[in-house]
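Listed here are the chains, written in short residue letters.
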Amino acid sequence: RFRFSIDRGGTFTDIYCEIVYINSLGHESMHKRTVLKLLSEDPANYPDAPTEGIRRILQAESTNDAVKYERDNRVDTRQ
């Protein structure tokens with residue numbers, strides 16, 4: 001499970017993510033925290049900094065190598 005907090009400023013966007021791991025009993029067992037800083041405006045590389053930051057963190061933390069978080073695809077958040 002991922003929890004995101006985003007601060008979009010004039011120059012930089014900070015994306016804070018807390019990753020919560022669930023044990024076999026369904027309880028939170030471990031937390032990992034990560035922070036990513038992106039330029040708030042960088043149209044040559046991404047259209048929206050918060051969305052790009054979330055995409056990068058999901059891709060980096062994915063345990064399934066077959067899943068790719070492409071820029072133009074929506075992420076299923078129903079889980």
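You'll find the structure just up there.
A brief look at the structure comes next. (Residues numbered from 1 in each chain as written. Predicted model: local features only at pLDDT ≥ 70, side-chain atom pairs only at ≥ 80, totals over all residues. Heavy atoms only, no water.)

This paragraph deals with helix H1 (residues 49-61). Between the first and last C-alpha of H1 there are 18 Å, a value that for 13 residues agrees with the 18 Å anticipated at 1.5 Å per step. Turning to H1, its buried residues are Ala-49, Pro-50, Glu-52, Gly-53, Arg-55, Ile-57 and Leu-58. (Helix = DSSP H or I, 4+ residues; strand = E, 2+ residues; numbered from the N terminus. Expected span 1.5 Å × (residues − 1). Buried < 20%, exposed > 50% of the residue type's maximum accessible area, 1.4 Å probe, protein only.)

Under the counting rule described, the total for this entry stands at ten salt bridges. Across the pair Arg-3 and Glu-28 runs a salt bridge whose closest N-O atoms are separated by 2.8 Å. Placement of Arg-3 in strand E1 (residues 2-8) and of Glu-28 in strand E3 (residues 28-39) is noted, with a sequence separation of 25 residues between them. Here Arg-56 makes a salt bridge to Glu-52, at a shortest N to O gap of 2.9 Å. With Arg-56 and Glu-52 both in helix H1, this residue pair falls four residues apart, about one helical turn. A residue is classified by how much of its surface remains accessible, and Arg-56, at 32% relative accessible area, is partly exposed. Under the relative-accessibility criterion, Glu-52 is labelled buried at 3%. Salt bridges sharing partners connect three or more residues here, namely Arg-1, Arg-3, Glu-18, Glu-28 and Arg-33. (Salt bridge = Lys/Arg side-chain N within 4 Å of Asp/Glu carboxyl O.)

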